[in-house]
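# A look at the structure
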Amino acid sequence: MNYTTDFHCEKNNQEHRTAQISTNQLIVRRGQKFRITVQSYSDEYIHNGIIALTAETGTKPSTAYGTKVLITLNVMSEKKWSGIIVSSTGTRLNLEITSSPNAKIGQYSLYLLSSTEHETKSYNLGKFILLFNPWCTEDEVFLDSEEQREEYVLNEDGVIYIGSSRSIQNRPWYFGQFEEDVIGICLKLLELNPKCIKNSQKDYSRRNDPVYISRIVTAMVNCCDDRGILQGRWNPPYDGGKCPWNWNGSFPILHEWNNNGYQPVLYGQCWVFAAVACTVLRCLGIPTRVVTNFNSAHDTNGNLTIDKVIDEYGRTYGQQNDSVWNFHVWVESWMARNDLKSGYNGWQVLDPTPQEKSEEIYCCGPTSINAIKEGIVDMKYDTPFVFAEVNADQVTWICHGDGRKEKVFVETKHVGQNISTKSCGSALRNDITCNYKHLEGSHRERDVFNEADLRNRLGPQPQNKFQIHVKTGESVNNGSDFQVLVTISNHSSTNMVCRLNFSAQIMGYNGYSHSQFMRKNMEPIAVKANEVETVRLEVSYSDYGHLLENHHLIKLTALATNIATNECAFAVEDITVINPDITIQILDDPVVNQRLTAIISYTNPLRVSLRNCIFTIEGIGLIDGMEKQIIHEIKTNETINLQIQFTPKRPGSRKLMVDFDCNQMKDVKGFQNITVQSF
């Protein structure tokens, strides 16, 4: 008996919210019904011999491993696969199938079992893809908010936060989880993971578990232990690849990996790793959002403190194992934690950036945010590491000229600031620090830290009789001079005289100094009892402009020493030099297949001309590929207006993105959200 199958891809995919992926293949979400029509080309009525269906996934489908499922018709179950005959008209059969809300995700083959007097035959009806289902109450990734499901599963656009805690910048990102071939690439990623290669049956049997899947994804996004997607690099040169800050979306990265035989794509840094992981997890149906932690600790030895050694000018001294990144980006995914005791469901931290190994591979998480907030560091996975990232104490030691080390500063509030993610339905920043820890400096926050740090490794905090602070204005614009204020506060009842050493350094975002551009050894400063003295320092653009790197980060440090007692006080301030804005004006009403005009404006803020200027414009669904416009020179204070025309190909919310680079300035970003109407 011969059969053909109509999977009603367009209707089913619309109902399962997968039509954006494709309407040419059946892509459904688990725990939700879908309909198919089976046509027989036999004279015999089709329903006479049918007894059941089977759904099979994996390389060696097996009932023992749960990768081969028998679907008995007209026997309904909310927990298991089930199917009913909706109608039968001669040689045509309409079936309604519902997968288990705990089914393995991935590609399935569907078979019809037909029985005669002499034998039972199996007929291949075709293939379909099954994904996690945040809309199904029985699914472990169920998210009870339509607004959040729209944002964290269906939204292809995003904003990633970078910069410093005092100067938070945003950069647009296109996740593109529904772009052509992305779902196939995501399934291929699962096939190439080492656990699947080692034992495919066991791997497929665990693909019902979002904890397992998310852990595989974080390992496969980096290429350290496997044939993963991205290779990280944190310092130039970036030869043979693309600088991390030049990526604007996950889609080109995934395609390059797929098209080049699964060789690692060059290069990524933390926000790129996180964004690609977000794309893969959203594509598979796991609600996911990108999160930035400012002043993020990297604790290499698990002691919940970050030890930093400086010299007498406040500069980093010797090899430092621990570090505090100006920012670090990871993702959170929403899921049940049936592997833990109750109370730890919900948002889980996942970090694909290769920092430390977890169970002998470079991955991190899923780590329950509830566990982090309460300091339950003995809970899997990687809770101590993530707890330190947001709540470690920073201890600063000074190495004197005679080799003597002295603890000069214990900072309990520096690490884990302004933890941020994009708000639902808007580009506004949502501060979620309170999800990770109690109010900074509160008794409860300190109690949690001390409970996590059972050995009380810090010891007593130095109680100096004087303090020092460093600050600048609200913002420092690229091309401008700025003023630094150093204040020394004498809290004692006696006058004091102190030495003041000041240093300014260009920093990488991962906390490492790249170059020092200013060092000052001030004349002795007298500070009267219970009074404050302020020192003003001028920093000119000519001092730092030629040294700025892509994240435009500067670290200011000041070290004051009481000449009479040799007591020291230390202060540090991280600042971000802010690039000028790129403005984008849309002149017409955006409509599919109708020409649209945009004006891109940019003003040179520097005291010198900008040369070899390149504007790169892109936008999925708006522009095919990338459009580049070259301007050989933009003079001081000159404003350039570029007119571009393009024809939107797809309706809905789209993002026009502009990147500007020149000899003197890199990675200037601008974007404009555009809502394209169908007609």
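Refer to the structure above for everything that follows.
The notes below deal with the structure included here. This one's a predicted model, so the numbers in the text were calculated from it and none came from an experiment. Each chain carries its own residue numbering, running from 1 in the written order of its sequence. Per-residue local features are limited, in this predicted model, to residues with pLDDT of at least 70; the limit for side-chain atom pairs, both in listing and counting, is 80 or more; totals at the level of whole chains, interfaces and linings are taken over all residues. Each side-chain value is derived from all of the structure's non-hydrogen atoms; neither hydrogens nor water enter the calculation.

We now examine the overall build of the protein. Starting at the N terminus, helices and strands are each numbered in turn, a helix being any DSSP run of H or I of at least four residues and a strand any DSSP run of E of at least two. Scanning the protein for helices and strands turns up 13 helices and 38 strands. Computed over C-alpha atoms, the radius of gyration of the protein comes to 29 Å, within 12% of the 26 Å expected from 2.2 N^0.38 for 679 residues, which places it in the range of a compact globule. In terms of its C-alpha atoms, the protein occupies a principal-axis envelope of roughly 105 × 60 × 40 Å. Residue burial in the protein is summarised as follows: out of 679 residues, 57% are buried. For the protein, contacts bridging at least 24 residues in sequence account for 66% of all contacts bridging at least 6. Values of accessible area rely on a 1.4 Å probe in the Shrake-Rupley scheme; residue burial ignores everything except the protein chains shown. Here the protein displays about 28,300 Å² of accessible surface, and carbon together with sulfur accounts for 45% of that area. This count recognises Lys and Arg as positive and Asp and Glu as negative, with His and chain-terminal groups excluded. Where a charge sits is defined by one atom per residue type, namely NZ (Lys), CZ (Arg), CG (Asp) or CD (Glu). One finds the centroid of the 66 positive side-chain charges in the protein at a distance of 2 Å from the centroid of its 77 negative side-chain charges. Atoms counted for the radius of gyration: C-alpha only. Globule rule: 2.2 Å times residue count to the power 0.38. For every residue, the accessible area (1.4 Å probe, protein chains only) is compared with the maximum for its type, and the residue is labelled buried under 20%, exposed over 50%, or partly exposed between those bounds. Contacts are residue-level and defined by heavy atoms, with any inter-residue pair within 4.5 Å sufficient.

Bringing the pairing of strand E7 (residues 92–98) into the picture now. Burial analysis of E7 places five of its seven residues in the buried class, the great majority of the element. When DSSP locates at least two bridges between a pair of strands, those strands are taken to pair. Both strand E3 (residues 33–40) and E7 contribute to a ladder of seven bridges, which runs antiparallel. Note that in E7 the partner of Phe-34 across the bridge is Ile-97. Direction of pairing for strand E6 (residues 82–89) relative to E7: antiparallel, over a ladder of seven bridges. Each residue of the ladder has a partner; that of Gly-83, found in E7, is Ile-97. Count of turn residues in the E6/E7 antiparallel hairpin: two residues, of which Gly-90 carries a positive phi of about 65 degrees.

The next point concerns the side chain of Thr-616. Along the chain, the position of Thr-616 falls in strand E34 (residues 610–618). If we ignore the near neighbours within four places in the chain, the residues touching Thr-616 are Met-626, Glu-627, Lys-628, Met-657, Val-658 and Asp-659.

Our next topic: the packing of helix H3 (residues 182–192) against helix H6 (residues 210–221). A fitted line through C-alpha atoms represents every axis, and for helices the fit uses only the stretch in contact; the resulting angles, taken between N-to-C directions, go from 0 to 180 degrees. Packing of H3 against H6 leaves a shortest axis separation of 10 Å and a crossing angle of 90 degrees. As far as their axial angle goes, H6 and H3 are roughly perpendicular. Where H3 abuts H6, its residues Leu-189, Leu-190 and Leu-192 lie against Ile-213, Ile-216, Val-217 and Met-220. Split by residue class, the contact of H3 with H6 holds seven nonpolar, no polar and no charged. Angular relationships are summarised with four words: roughly parallel below 35 degrees, roughly antiparallel beyond 145, roughly perpendicular across 65 to 115, and oblique for the angles in between. In this classification, the charged set is Asp, Glu, Lys and Arg, the nonpolar set is Ala, Val, Leu, Ile, Met, Phe, Trp, Tyr, Cys and Pro, and all remaining amino acids, among them Gly, are polar.

Whether a set of points on the 1 Å grid over the protein atoms alone is a cavity depends on a 1.4 Å probe fitting there but being unable to get out, while an open set qualifies as a pocket with protein on both sides within 12 Å along at least five of seven lines; lining residues are those with an atom within 4 Å of a point. Grid points are joined across faces, edges and corners, and a volume is the space filled by probe spheres set on the points. Estimated volume of the largest pocket: approximately 760 Å³. Phe-409, Glu-411, Ile-468, His-469 and Phe-570 are, among the 31 residues lining the largest pocket, the residues nearest its centre. Elements with a contribution of two residues or more to the lining of the largest pocket: strand E20 (405–411), strand E21 (417–422), strand E23 (466–471) and strand E31 (568–578). Looking at which element gives the most residues to the lining of the largest pocket, the answer is E31, with seven residues. Its residues assigned to classes, the lining of the largest pocket comprises 12 nonpolar, 13 polar and six charged.

The subject of this paragraph is helix H8 (residues 270–284). A rise of 1.5 Å per residue sets the reference length of H8, with its 15 residues, at 21 Å; its end C-alpha atoms lie 21 Å apart and thus fit the reference within 8%. Burial of H8 is extensive: 15 of the 15 residues sit out of reach of the surface. Just downstream of H8, Gly-285 is the residue with a positive phi angle, here 100 degrees. For a helix, the expected span equals 1.5 Å multiplied by the number of residues minus one.

Once that is clear, we can look at the sheet that holds strand E29 (residues 532–539). If you trace the three strands from one edge of the open sheet to the other, you get E23-E25-E29, paired in antiparallel fashion. At either margin of the open sheet sits one strand with a lone partner, and together these are E23 and E29. Neighbouring strand axes in the sheet, compared pairwise and without regard to direction, differ in orientation by 15 degrees on average. Alignment of E23 against strand E25 (residues 482–490), held across six bridges, turns out to be antiparallel. Residue pairing for E25: Lys-471 is matched across the bridge by Leu-485.

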